[in-house]
Amino acid sequence: MEKKIRKLTTAQFAKLHGVNKRTLHYYDNIGLFCPDTKNDNGYRYYNISQSMEFEYIRMLKELNMSIEEIREYRENPSSDQFLKIANEKEEQIDIEIQKLNRMKKILQTKKEQIIFCETLQEQEIRIEECKAEKILVLPYDFVDDDISQIFACLKDVWSIDQIRMGIGGFISLNKVYNKDFARYDGIYTVALNDSSASNCLIKPEGKYLCGYQKGMWDKLPMMYEKMLEYAMKNRIELEGYAYEIGLNEFAISNPNDYITKIMIQMKENIE
């Protein structure tokens, strides 16, 4: 004997798909998705076989298609039209995945920095092995206090995601040795992807003399002095630029808890 297909009430169908009953009523009223049958008393009943059809509608809605676009397709469905929609949405999904991957990398970087900051004292000097990093750079001397201007420029030259990765400054060793901190050489950020850009450099791999300073920026010259003394005492030759980057700006309420990391590449021990 043929098995009778079970009919579901609006409440049962809504529960099965995890939606509100009002959604089903709305879709029925606009003719987007209607129940299989309606009794004389107005009760709606859905066929379980309608479930896949409903989930495809939900999928298109989740892919940011408007109700009108979905209804237009359902009124005249075709293979060509479906393939066109699928190709467009695949491209949009790929873009969204790239965006989410960038956001994930930013969060992972910030999380690692915050955890590391919890282990630091007020001042520390360490020797660290650093991997090569691609950095985006922009000339900027920090003489102009109008940060809004540089932020607007960075939005155009880099991107908001790249800015969220963190912005640091770099200064030549010659200026550090001469205690000339009035003008920096530029600002930088660690690149989020491998795309080529005219304003990018490779921060070389190798050993770096790293200084960690807790507090406001006016304490940095003292940290540089201690780092140079450490290098001289341990017969370490330095080269390149000094790179600065804030590590915990979004996780503190007191500016005195701000931690800046300074990195200067070590050339070799002087024998």
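Let us look at the structure shown here.

Definitions and limits used
Residues numbered from 1 in each chain as written. Predicted model: local features only at pLDDT ≥ 70, side-chain atom pairs only at ≥ 80, totals over all residues. Heavy atoms only, no water. Helix = DSSP H or I, 4+ residues; strand = E, 2+ residues; numbered from the N terminus. Rg over C-alpha atoms; globule rule 2.2 N^0.38 Å. Buried < 20%, exposed > 50% of the residue type's maximum accessible area, 1.4 Å probe, protein only. Areas by Shrake-Rupley, 256 points an atom, 1.4 Å probe, with all protein chains shown as cover. Arc of directions from axis to C-beta. Contact = heavy atoms within 4.5 Å. Polar contact = N/O pair within 3.5 Å; in protein donor to acceptor, adjacent residues only side chain to side chain. Patch = residues over 30% accessible without salt bridge, like charges linked within 9 Å, V, L, I, M, F, W, Y side chains within 5 Å. Salt bridge = Lys/Arg side-chain N within 4 Å of Asp/Glu carboxyl O. Phe/Tyr/Trp six-rings, centres within 6.5 Å; stacked < 30°, edge-to-face > 60°. Lys NZ or Arg CZ within 6 Å of the ring centre and 35° of its normal. Expected span 1.5 Å × (residues − 1). 1 Å grid on protein atoms, 1.4 Å probe; cavity = no way out; pocket = protein on both sides within 12 Å on 5 of 7 lines; lining within 4 Å. Points joined across faces, edges and corners; volume = space filled by probe spheres on them. Nonpolar A, V, L, I, M, F, W, Y, C, P; charged D, E, K, R; others polar.

1. Thoughts on the overall build of the protein chain
Turning to step 1, where the next piece is worked out: Helix and strand counts for the protein chain come out as nine helices and 11 strands.
Turning to step 2, where the next piece is worked out: Against the 2.2 N^0.38 benchmark of 18 Å for 271 residues, the protein chain shows a C-alpha radius of gyration of 30 Å, more extended than a compact globule.
Turning to step 3, where the next piece is worked out: Along the longest, intermediate and shortest principal axes, the C-alpha atoms of the protein chain span 95 × 40 × 35 Å.
Turning to step 4, where the next piece is worked out: Scored against the burial criterion, the 271 residues of the protein chain give a buried share of 36%.
Turning to step 5, where the next piece is worked out: Carbon and sulfur atoms make up 52% of the accessible area of the protein chain, which totals about 17,600 Å².

2. What to know about helix H2 (residues 21-29)
Turning to step 1, where the next piece is worked out: Here H2 has its buried residues at Leu 24, Tyr 27 and Asp 28. The buried residues of H2 all sit within an arc of 100 degrees when viewed along its axis, so they share a single face. Every exposed residue of H2 that faces more than 90 degrees away from the buried side is listed here: Arg 22 and Asn 29.
Turning to step 2, where the next piece is worked out: Tucked into the core, H2 has its buried residues touching helix H1 (10-17), strand E2 (37-38), strand E3 (44-47), helix H3 (51-62) and helix H4 (67-75).
Turning to step 3, where the next piece is worked out: At the N-terminal boundary of H2, the capping side chain belongs to Asn 20, with an oxygen 2.8 Å from the backbone nitrogen of Arg 22.
Turning to step 4, where the next piece is worked out: Remark: Gly 31 follows H2 within two positions and exhibits a positive phi of approximately 80 degrees.

3. Some words on a nonpolar patch on the surface
Turning to step 1, where the next piece is worked out: There is a patch of nonpolar side chains on the surface, built from Met 52, Tyr 56 and Met 59 and spanning about 310 Å² of accessible area.
Turning to step 2, where the next piece is worked out: Within the element layout of this structure, Met 59 appears in helix H3.
Turning to step 3, where the next piece is worked out: Residue class for Met 59 comes out partly exposed when judged on its relative accessible area of 35%.

4. Side note on the packing of aromatic side chains
Turning to step 1, where the next piece is worked out: Under the counting rule described, the total for this entry stands at 13 aromatic pairs.
Turning to step 2, where the next piece is worked out: Members of the aromatic cluster, connected to one another through ring pairs, are Phe 13, Tyr 26, Tyr 27, Phe 33, Tyr 46 and Phe 54.
Turning to step 3, where the next piece is worked out: Its end group placed over the ring of Tyr 208, Lys 203 keeps NZ or CZ at 4.4 Å from the ring centre.
Turning to step 4, where the next piece is worked out: Taking NZ or CZ as reference, Lys 203 lies 5.9 Å from the ring centre of Tyr 243, over its face.

5. What about helix H9 (residues 220-233)?
Turning to step 1, where the next piece is worked out: Taking 1.5 Å per residue, 14 residues should reach 20 Å; H9 reaches 20 Å between its end C-alpha atoms and fits that length.
Turning to step 2, where the next piece is worked out: Listed in full, the buried residues belonging to H9 are Leu 220, Met 223, Tyr 224, Met 227, Leu 228 and Ala 231. Along the long axis of H9, the arc covered by the buried residues comes to 140 degrees, so they all point the same way. Residues Met 232 and Lys 233 are exposed on H9 and point more than 90 degrees away from its buried face.
Turning to step 3, where the next piece is worked out: Arg 235 occupies a position one or two residues after H9 and carries a positive phi of about 55 degrees.

6. Thoughts on the layout of surface pockets
Turning to step 1, where the next piece is worked out: In this structure, the second largest pocket occupies an estimated 650 Å³ of space.
Turning to step 2, where the next piece is worked out: When contributions to the lining of the second largest pocket are tallied by element, the ones reaching two or more residues are helix H5 (79-117), strand E4 (123-130), strand E7 (186-190) and strand E11 (259-269).
Turning to step 3, where the next piece is worked out: Among the elements that make up the lining of the second largest pocket, the one with the highest residue count is H5 (six residues).
Turning to step 4, where the next piece is worked out: Its residues assigned to classes, the lining of the second largest pocket shows 10 nonpolar, five polar and eight charged.

7. Thoughts on the pattern of salt bridges
Turning to step 1, where the next piece is worked out: Summed over the entire model, instances satisfying the criterion amount to 16 salt bridges.
Turning to step 2, where the next piece is worked out: Among the salt bridges present, the one from Arg 102 reaches Asp 161, with a minimum N-O distance of 3.0 Å. Taken together, the residues span a long stretch of sequence, with Arg 102 in helix H5 and Asp 161 in helix H7 (residues 160-164) at a distance of 59 residues.
Turning to step 3, where the next piece is worked out: With relative accessibility at 26%, the residue Arg 102 sits in the partly exposed group.
Turning to step 4, where the next piece is worked out: Taking relative accessible area as the criterion, Asp 161 reaches 10% and is therefore assigned buried.
Turning to step 5, where the next piece is worked out: Of the charged contacts in the structure, one is a salt bridge between Glu 122 and Lys 219, with a shortest N-O distance of 3.5 Å. Taken together, the positions of Glu 122 in the loop between H5 and E4 and Lys 219 in the loop between strand E9 (206-214) and H9 put the pair 97 residues apart, joining distant regions of the chain.

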